Amino acid sequence: EGLLESFADGQAFAFVHDKVQEASLALIPYDMIDEFKFRVSYILMTRLDPKERDEHMFDIVNGLNSRLDLLPTGQDSILCCKLAQKAGEKAQLAGSFVLSATYFKLTIRLLPEDHWETSLESSVILYAQAAASELSLGNFHQMRLYCNEILSQEDCPMSQKAIAYNAMIDCYLIEEVDQKIVI
């Protein structure tokens, strides 16, 4: 009693203070915290309307990422994938490349196995976004892996492969500058 406050006509609740929230979480056994975070995030992902889901995107994706093994396949997995990519895009726009790289990697893990056949263009965009984040972090090896994945797609038009080639050129230019600075 008195630990939660109600708003939105009793449809939503919040802890009255951060310390109350911390104390409540401390009651959950340590080995169950990740599952708890996942379950709360899953409920938010599936029950919030799209606008509210976007407002809480980072919290939802982070919570789901704590136990992806519990994520059901099908529409929920697709929704999680889209949300993670959107979080990556938002983080990338904000210049938070560590977060964007993490979210894009998560998105790639969630893709269906046949994504290159069923969603070639969106797969190229995702891999290019992931490559750009890794390039910004100086993770050239990982960036090349993403680019090579695009380039290895036989059905991929040259106009889309050009995105990967441009990223590879940028990478080589940066590495060359780095080597000149060291010398």
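Reading guide: rules and limits
- Residues numbered from 1 in each chain as written.
- Predicted model: local features only at pLDDT ≥ 70, side-chain atom pairs only at ≥ 80, totals over all residues.
- Heavy atoms only, no water.
- Axes fitted to C-alpha atoms, helices over the stretch in contact; angles between N-to-C directions.
- Helix = DSSP H or I, 4+ residues; strand = E, 2+ residues; numbered from the N terminus.
- Parallel < 35°, antiparallel > 145°, perpendicular 65-115°, else oblique.
- Left-handed = near helix turned anticlockwise from the far one by under 90°.
- Contact = heavy atoms within 4.5 Å.
- Nonpolar A, V, L, I, M, F, W, Y, C, P; charged D, E, K, R; others polar.
- Salt bridge = Lys/Arg side-chain N within 4 Å of Asp/Glu carboxyl O.
- Buried < 20%, exposed > 50% of the residue type's maximum accessible area, 1.4 Å probe, protein only.
- Core = buried A, V, L, I, M, F, W, Y, C linked by side-chain atoms within 4.5 Å.
- Expected span 1.5 Å × (residues − 1).
- Arc of directions from axis to C-beta.
- Patch = residues over 30% accessible without salt bridge, like charges linked within 9 Å, V, L, I, M, F, W, Y side chains within 5 Å.
- Areas by Shrake-Rupley, 256 points an atom, 1.4 Å probe, with all protein chains shown as cover.
- Lys, Arg positive; Asp, Glu negative; His and termini not counted.
- Charge placed at Lys NZ, Arg CZ, Asp CG, Glu CD.
- Phe/Tyr/Trp six-rings, centres within 6.5 Å; stacked < 30°, edge-to-face > 60°.
- pLDDT = per-residue confidence, 0-100.
- Disulfide = S-S within 2.5 Å.

Student: It is not clear to me how the packing of helix H5 (residues 75–93) against helix H6 (residues 97–110) should be interpreted in this structure. Could you clarify?
Tutor: In a packed pair of helices, the relevant descriptors are the angle between the two axes and the axis-to-axis distance. In the contact formed by H5 and H6, the axes pass within 8 Å of each other and the chain directions differ by 160°. Taken as axis vectors, H5 and H6 run roughly antiparallel relative to one another. Relative to H6, the crossing made by H5 is left-handed. The segment H5 lies against H6, with Ser77, Cys80, Cys81, Ala84, Gln85, Ala87, Gly88, Glu89, Ala91 and Gln92 engaging Phe97, Leu99, Ser100, Tyr103, Phe104, Leu106, Thr107 and Leu110. Here the contact of H5 with H6 is composed, by residue class, of 11 nonpolar, 6 polar and 1 charged.

Student: What is the right way to look at the pattern of salt bridges in this model?
Tutor: A side chain of one charge can pair with a side chain of the opposite charge when the charged atoms of the two come close. Applying the stated criterion across every chain yields a total of 5 salt bridges. Two residues, Glu22 and Lys19, come together in a salt bridge whose shortest N-O distance is 3.7 Å. Taken as a pair, Glu22 and Lys19 lie in helix H1 (residues 18–26) at a separation of 3 residues, close to a single helical turn. With a relative accessible area of 55%, Lys19 lands in the exposed category.

Student: Explanation requested: the nonpolar core in the structure shown.
Tutor: Nonpolar side chains tend toward joint burial in soluble globular proteins. Val61, Met143 and Ile150 are the most contacted members of the largest nonpolar core, which totals 41 residues. Among the elements that make up this core, the one with the highest residue count is helix H8 (residues 120–137) (8 residues). Every residue in contact with Ile150, bar those within four places of it in the chain, is listed here: Trp116, Val124, Tyr127, Ala128, Cys156, Gln160, Lys161 and Ala164.

Student: Just to check I follow, could you spell out helix H2 (residues 33–47) for this structure?
Tutor: Quick reminder: α-helices carry 3.6 residues per turn. Residues three or four places apart thus point the same way. A rise of 1.5 Å per residue sets the reference length of H2, with its 15 residues, at 21 Å; its end C-alpha atoms lie 21 Å apart and thus fit the reference within 8%. For H2, the full list of buried residues reads Ile33, Phe38, Ser41 and Met45. With its buried residues spanning 130° around the axis, H2 presents them on a single face. Along its buried surface, H2 packs onto H1, helix H3 (50–55), helix H4 (57–65) and H5.

Student: Would you mind going over a negative patch on the surface with me for this structure?
Tutor: There is a patch of like negative charges on the surface, built from Glu113, Asp114, Glu117, Glu154 and Asp155. Structurally, Asp114 can be placed in the loop between H6 and helix H7 (115–118).

Student: Would you explain the packing of aromatic side chains in this entry?
Tutor: Aromatic ring pairs are reported here in terms of the distance separating the ring centres and the angle at which the planes meet. Counting across every chain of the model gives 4 aromatic pairs. Ring geometry for Trp116 against Tyr127: centres 4.9 Å apart, planes inclined by 45°, an arrangement best described as tilted. You can see Trp116 sitting in helix H7 and its partner Tyr127 sitting in helix H8, a full 11 residues away along the chain. Look at Trp116 and you get buried, because its relative accessible area is 10%.

Student: So what exactly am I meant to see when it comes to the confidence of the model for the chain here?
Tutor: Predicted coordinates in regions of low pLDDT should not be interpreted in detail. On average, residues of the chain carry a pLDDT of 89, and 91% of them reach 70 or more. Mean pLDDT per element in the chain: strand E2 (residues 12–15) is the minimum at 69, and helix H9 (residues 140–151) is the maximum at 96.

Student: Would you take a moment to explain the state of the cysteines for this structure?
Tutor: The term disulfide refers to a covalent linkage connecting the sulfur atoms of a pair of cysteines. Taken as a whole and judged by the stated rule, the model has 0 disulfides. Here Cys147 is not disulfide-linked; the sulfur of Cys171 is the nearest cysteine sulfur, at 7.9 Å. Judged by relative accessible area, which is 1%, Cys147 ranks as buried. Overall, the relative accessible area of 1% leaves Cys171 in the buried class.

Student: Can you help me understand H4 in this one?
Tutor: The complete set of buried residues in H4 reads Met57, Ile60, Val61, Gly63 and Leu64. In an axial view of H4, the angular spread of the buried residues amounts to 165°, which keeps them on one side of the axis. The inward-facing, buried residues of H4 abut H2, H3, H5 and H6.

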